[in-house]
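Chain by chain, the residues run as shown.
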Amino acid sequence: MKSLLSTKEVAALLKVNEKMVYSLVADKGLPASKVTGKWLFPKHLVEQWVENNTLNFPNIVSPRSSYNDLLIVAGSNDILLEKTLSLFNRLSDTLAVFANVGSMGGLHALRNNSCHIAACHLMQEDGKEYNFEIARKELEADPVVVNLCRRHQGLLVTKGNPKNIIKIEDLNKKKVAIVNRHLGTGTRLLLDNELKKAGIEPVEIQGYDKEVNKHRDVGLEDLAGRADTGLGIEAVASLLDLDFIPLCWERFDLVISKALFFEKPVQSFLSILHEKEFRQLAQETPGYDLNISGKVVFQGSEINKG
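What comes next is a walk through the structure. The shown structure was predicted, so the numbers you read here are calculated from the model rather than taken from an experiment.

Thresholds, definitions, all that
Residue numbers run consecutively from 1 along every chain, following the written order of its sequence. Only residues with pLDDT of 70 or above have their local features reported here, since the model is predicted, and side-chain atom pairs are shown and tallied only from 80 upward, although totals for entire chains, interfaces and linings are computed over all residues. Side-chain figures throughout are based on the complete set of non-hydrogen atoms in the structure, without hydrogens or water. Each reported salt bridge corresponds to a side-chain nitrogen of Lys or Arg within 4 Å of a carboxyl oxygen of Asp or Glu. Secondary structure follows DSSP: runs of H or I at least 4 residues long count as helices, runs of E at least 2 residues long count as strands, and numbering of each begins at the N terminus. Only protein chains enter the accessibility calculation, which uses a 1.4 Å probe; a residue whose area is less than 20% of its type maximum is buried, one above 50% is exposed, and one in between is partly exposed. Note on terminology: a nonpolar core comprises buried Ala, Val, Leu, Ile, Met, Phe, Trp, Tyr and Cys residues joined through side-chain atoms within 4.5 Å. The contact criterion used throughout is that any non-hydrogen atoms of two residues lie within 4.5 Å. A cavity, in this analysis, means grid points on a 1 Å lattice covering only the protein atoms where a 1.4 Å probe fits yet has no way out; a pocket is instead an open set bounded by protein on both sides within 12 Å along at least five of seven lines, and a residue lines either one if it has an atom within 4 Å of a point. Grid points are joined across faces, edges and corners, and a volume is the space filled by probe spheres set on the points. Pairing between two strands requires that DSSP report at least two bridges joining them.

1. Thoughts on the pattern of salt bridges
- Applying the stated criterion across every chain, the model contains 19 salt bridges.
- Put simply, R111 and E138 hold a salt bridge, and the shortest N to O gap is 2.3 Å. Note that R111 is positioned in helix α5 (residues 102–111) and E138 in helix α6 (residues 132–139), a separation of 27 residues in sequence. Across this residue pair, the class does not change: R111 and E138 are buried.
- The partner of E129 in a salt bridge is R251, and the shortest N-O contact between them spans 2.8 Å. Here E129, found in the loop between β6 (117–120) and α6, pairs with R251, found in strand β11 (residues 243–256); they are 122 residues apart in sequence, far enough to count as distant.
- A relative accessible area of 28% means that E129 is categorised as partly exposed.
- Taken together, the shared-partner salt bridges in this structure form one network comprising D78, R151 and E250.

What follows is the structure in structure tokens.
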């Protein structure tokens with residue numbers, strides 16, 4: 001189990017008095033658990049809460065140029081995205097590379113001028129929309145958001161579902177162990193939201209602190225018997241011959257700064273989403289919906305075409 005802080009320790013960490021800590025729990029959603037009448041605070045969740053409530057970031061540096069025939073995509077990993085990057089590299093003179101750093105990591109990279117496109121699936125507080133407001137806050141500017149796909153998220157379980165896991169509440173069973181994704185990933189955010197809706201504290205879940213890097217890794221942990229389940233996409237369940245308990249369809253988007261949107265390598269990559277070969281890639285793998293793929297789903301104010 002990761003580090004748990006007392007009320008006094010949280011007050012010192014946040015540089016407030018102890019009475020204010022109770023107010024933050026009640027009014028601002030500071031993550032906390034009450035055990036035998038005593039408040040305990042998972043340190044990593046407190047740190048995530050602080051980051052999610054940050055309002056001001058340093059000014060954005062000049063956007064990275066996509067010259068030199070290199071296109072950098074960073075963010076959440078996805079099987080269809082990986083296949084699309086390979087397709088792009090076969091059809092284009094530009095080399096596209098990918099950094100698997102999670103959805104928030106992709107936005108951080110875009111803000112820090114370390115990539116051209118961020119791949120994200122961050123559910124917003126309303127539980128209906130994805131990426132718009134979170135990207136706005138992170139980038140301090142309106143980005144352009146282009147949909148790659150909608151994809152099926154759910155629980156990956158070993159064939160036959162021996163632990164009879166059918167809903168989120170079943171993760172709280174005594175003999176069920178999960179494997180989790182890292183902080184900053186859209187899948188981790190989805191799990192935390194689902195646990196919150198179910199009234200389950202993360203510290204109650206066996207394996208909540210066990211983190212892996214990719215959806216495939218979640219499935220491989222299940223196959224190896226080191227976990228009973230974990231959140232992942234249907235495409236991985238199909239690839240590894242696992243059972244899949246669906247939770248939701250989520251929008252998986254490409255976030256791009258307006259300054260780079262009309263550069264040739266970026267537009268070349270986006271044009272792939274309208275090609276027959278791309279559609280065939282999605283049809284080969286269950287769990288994808290391309291109804292709005294390639295469409296600009298958000299652009300805020302007018303894009304500067306230079």
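2. A short note on the nonpolar core
- If you look at the biggest cluster of nonpolar residues, it comprises 41 residues, and the most contacted ones within it are F269 and L270.
- If you list the elements that add at least two residues to this core, you get β4 (70–75), α4 (79–91), β6, β7 (144–157), α9 (234–240), β11, α11 (264–271) and α12 (276–283).
- Sequence-distant contacts of F269, defined by excluding residues within four places in its chain, comprise L71, L81, T84, L85, F88, I117 and L254.
- Counting 19 residues, the second-largest nonpolar core is a separate cluster that includes I165, I178, L195 and I200.

3. With respect to the environment of I256
- Here I256 is to be found in strand β11.
- C-alpha separation for the pair I256 and R136, spaced 120 residues apart in sequence, amounts to 11 Å.
- If we ignore the near neighbours within four places in the chain, the residues touching I256 are L110, H116, I117, P143, V144, V146, F261, V266 and L270.

4. Some details on the side chain of T84
- For T84, the location among the structural elements is in helix α4.
- When its relative accessible area of 0% is taken as the criterion, T84 is described as buried.
- If we skip the residues at most four places from it in the chain, T84 touches F269, I272, L273, F278 and L281.

5. Some thoughts on the layout of surface pockets
- Its volume calculated, the largest pocket comes out at about 1500 Å³.
- N52, E125, L189, N193 and K196 are, among the 46 residues lining the largest pocket, the residues nearest its centre.
- Elements represented by at least two residues in the lining of the largest pocket include exactly α2 (18–28), α3 (43–52), α5, α6 and α7 (186–198).
- Per-element accounting of the lining of the largest pocket gives the leading share, seven residues, to α7.

6. Here we look at the pairing of strand β10 (residues 229–233)
- When you tally the buried positions in β10, you get five out of five residues, the bulk of the element.
- With burial as the criterion, each face of β10 is covered, one bearing T229, L231 and I233 and the other bearing G230 and G232.
- Bridge count between β7 and β10: five bridges; the pairing is antiparallel. Note on β10: the bridge partner recorded for G154 is G232.

7. Some remarks on the sheet that holds strand β3 (residues 38–42)
- Reading across from one edge, β1-β3-β2 is the order of the three strands in this open sheet, with antiparallel pairing throughout. The open sheet is flanked by β1 (4–5) and β2 (33–35), the only strands paired with a single partner.
- Both β2 and β3 contribute to a ladder of three bridges, which runs antiparallel. Bridging across to β3, K34 finds its partner in W39.

8. Description of α5
- The buried fraction of α5 amounts to nine of the ten residues, a majority that puts the element mostly inside the structure.
- Buried within α5 are the following residues: G102, S103, M104, G105, G106, L107, A109, L110 and R111.
- Just downstream of α5, N113 is the residue with a positive phi angle, here 65 degrees.

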